[in-house]
Amino acid sequence: MATDSSPIAGTFQLAGRAEAHPASARINDNGSVQIIAANDQRPLHYSNAQDMQYGDIIPGLPAELIFADGARFIPNDASFRWPGLSGAKRLPAWLETHWVAVLAAVILVPGFVWLMVHKVIPSAASASVQYLPDFVAVELGSQTMDLLDRFYMEPTQVSDEQQEKITADWHAILQRLELPEDKFRLYFRASSIGANAFALPDGSVILTDGIVELMQDHPEQLNAVLLHEIGHVEHKHSLKTLAQATATTMMFAMMFGDIDGAGELILGAGTSLLQSAFSRDMEREADAYAYTQLHKIGHSPVDFANAMRALMKSHGASDEQLQGNGSGEDNGKELLEYLSSHPDTLERIKAAEEWQPDTK
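Residues numbered from 1 in each chain as written. Predicted model: local features only at pLDDT ≥ 70, side-chain atom pairs only at ≥ 80, totals over all residues. Heavy atoms only, no water.

A. Highlighting the overall build of the chain. If you tally the helices and strands in the chain, you get 14 helices and 11 strands. Out of the 360 residues belonging to the chain, those deemed buried represent 38%. A separation threshold of at least 6 residues defines the contact pool for the chain, and within that pool the share at least 24 residues apart is 57%. For the chain, the accessible surface area stands at approximately 20,000 Å², while carbon and sulfur atoms represent 55% of it. (Helix = DSSP H or I, 4+ residues; strand = E, 2+ residues; numbered from the N terminus. Buried < 20%, exposed > 50% of the residue type's maximum accessible area, 1.4 Å probe, protein only. Contact = heavy atoms within 4.5 Å. Areas by Shrake-Rupley, 256 points an atom, 1.4 Å probe, with all protein chains shown as cover.)

B. Broad picture of the packing of helix α6 (residues 219–234) against helix α10 (residues 280–296). The interhelical angle for the contact between α6 and α10, taken along N-to-C directions, is 125 degrees, at an axis separation of 8 Å. Comparing the axis directions of α6 and α10 gives the class oblique. Viewed along their axes, α6 and α10 form a crossing whose handedness is right-handed. For the pair α6 and α10, the contacting residues are Ala-224, Leu-227, His-228, Ile-230, Gly-231, His-232 and Glu-234 in the first and Met-282, Glu-283, Ala-286, Asp-287, Tyr-289, Ala-290, Gln-293 and Leu-294 in the second. A per-class count over the contact of α6 with α10 returns eight nonpolar, four polar and three charged. (Axes fitted to C-alpha atoms, helices over the stretch in contact; angles between N-to-C directions. Parallel < 35°, antiparallel > 145°, perpendicular 65-115°, else oblique. Left-handed = near helix turned anticlockwise from the far one by under 90°. Nonpolar A, V, L, I, M, F, W, Y, C, P; charged D, E, K, R; others polar.)

C. Summary view of the environment of Ser-142. Mapped onto the secondary structure, Ser-142 falls in helix α3 (residues 134–152). Separated by 62 residues in the primary sequence, Ser-142 and Ser-204 have C-alpha atoms spaced 9.1 Å apart.

D. View of the pairing of strand β7 (residues 72–75). By the bridge criterion, four bridges tie strand β1 (residues 8–13) to β7 in an arrangement that is antiparallel. Paired with Phe-12 across the bridge in β7 is Phe-73. Examined bridge by bridge, strand β6 (residues 65–67) and β7 share two bridges and lie antiparallel to one another. If you follow Ile-66 over to β7, its bridge partner there is Arg-72. (Pairing = 2+ DSSP bridges.)

E. Representation of helix α14 (residues 345–354). For α14, the set of buried residues is Thr-345, Arg-348, Ile-349 and Ala-352. Burial along α14 is one-sided: seen end-on, the buried residues are contained in an arc of 105 degrees. (Arc of directions from axis to C-beta.)

F. Representation of the sheet that holds strand β11 (residues 204–208) in the model. The mixed open sheet is built from four strands, whose spatial order is β8-β9-β11-β10. Only two strands of the sheet have a single neighbouring strand rather than two, namely β8 (153–155) and β10 (197–199). Each neighbouring strand pair of the sheet contributes to a mean axis angle of 40 degrees, computed without reference to strand direction. Sheet analysis places strand β9 (residues 185–191) next to β11, joined by five bridges and oriented parallel.

G. Quick look at the packing of aromatic side chains. Under the criterion given, the structure shown has six aromatic pairs. Taken together, the ring pairs connect Tyr-54, Phe-73, Phe-80 and Trp-82 into an aromatic cluster. (Phe/Tyr/Trp six-rings, centres within 6.5 Å; stacked < 30°, edge-to-face > 60°.)

H. Here's a closer look at the environment of Tyr-187. As for its position among the elements, Tyr-187 is in strand β9. Sequence-distant contacts of Tyr-187, defined by excluding residues within four places in its chain, comprise Met-145, Ser-204, Val-205, Ile-206 and Leu-207. A distance of 3.4 Å separates polar atoms of two side chains, one belonging to Tyr-187 and the other to Arg-185. (Polar contact = N/O pair within 3.5 Å; in protein donor to acceptor, adjacent residues only side chain to side chain.)

Pasting the structure below:
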C-alpha cells in the first residue's frame, strides 16, 4: 500500500465525460492533491484540501477522491484509505475485518436501546418537565383541545341543568382540597369513544356524554374518576409522556441518520398527545392520588373501584370478566381498545378496594 507521501496509482476521471487517464495522486504537506498523468508526467488537476471530498467507503471497493468540479480520482489499490478520511467514513471497512466488534454491537446496541427507552429517557423526562414554564402546558392543552373539537368531538347533549350540577360538585371538591379552580376546568363533549374521561396538560378535564349518562345516578363514582384525572395533571403525566415519545423518536432518528423531521415532532405535539396512552406506572400514580384525595373528603376509594367496573361493563365486559374469570375470546373490540389505554384494570380495582390510608 502506498504511504501518504508516495504517489498513489489510479485513474483520473474527467468531470462530466467518459474520458479517463491512468494517473497518480500526490498528497502535499498542506493536504492539497495534485494529479499527474502516468504516461508523460504532465499535471492533470490540482485541488486544495477544502475543495474536495471523499466518496463513501464500501468494503472491497476503492475510496474515490471527488473534486469540486465533479472530476474524480479512483485508486488502483482498493484497500487504500485517504489520510483525511474521518473515523465515521472508515468505520464500515474497519467493521468488515473486526467481526468480534460486530457481534458485540449486535448484543450491546439492543441493550443500549432498552436502557435508554425504559430507564434513562423516562427518568430524564420526569426530571426535565418540572422545569418547563407553564405556557408550554397551556399551549399543548389548547392545541389538543382544538384538534379534539375539530376531528373527534361533537357538542355535548348533556342538559344545562345536569352540567351545572356536575360542575358545582367539581368546584366544591376543588375548594375542599384547596386546588386552584382557575387551573382545573371541566368540559363536556359528545364522542363516539363511549364512556370516558381524560385530562389535558393545562388542567382541562373532558367528560364524554357517555360517562355522564353512565354515572348519573352515582355522582360519587364520577367524582372519583375526576380526581383520577386531576392526578394525571398534578403529576404532569401528559408532558412526561410527550417528552418520552419525542426523545425516543429523536434518538432513533439520530441513530439511523434521519433528523430532518425533528421540528415536526414538536409541531405535532397535540396530535401525539391524542395518540398516546399513559403507562401502567402513571395510571397507578393517578389512582393513588385519587385514593388519597377521596379519603381527604370523607369518601372511599371503593367509589373508584365501582367506577372502573361500570366503565369496563359499558365497554363490553361480562360479569365473568369483571371477576377476572372471562375468556379472552369474549373480549369485544371496544373492550380491548379500552383496556389498551387503561392497563391492568382488574388489578387496579383490587388495589382500590384494598387501599388503606398511611397512618405514619
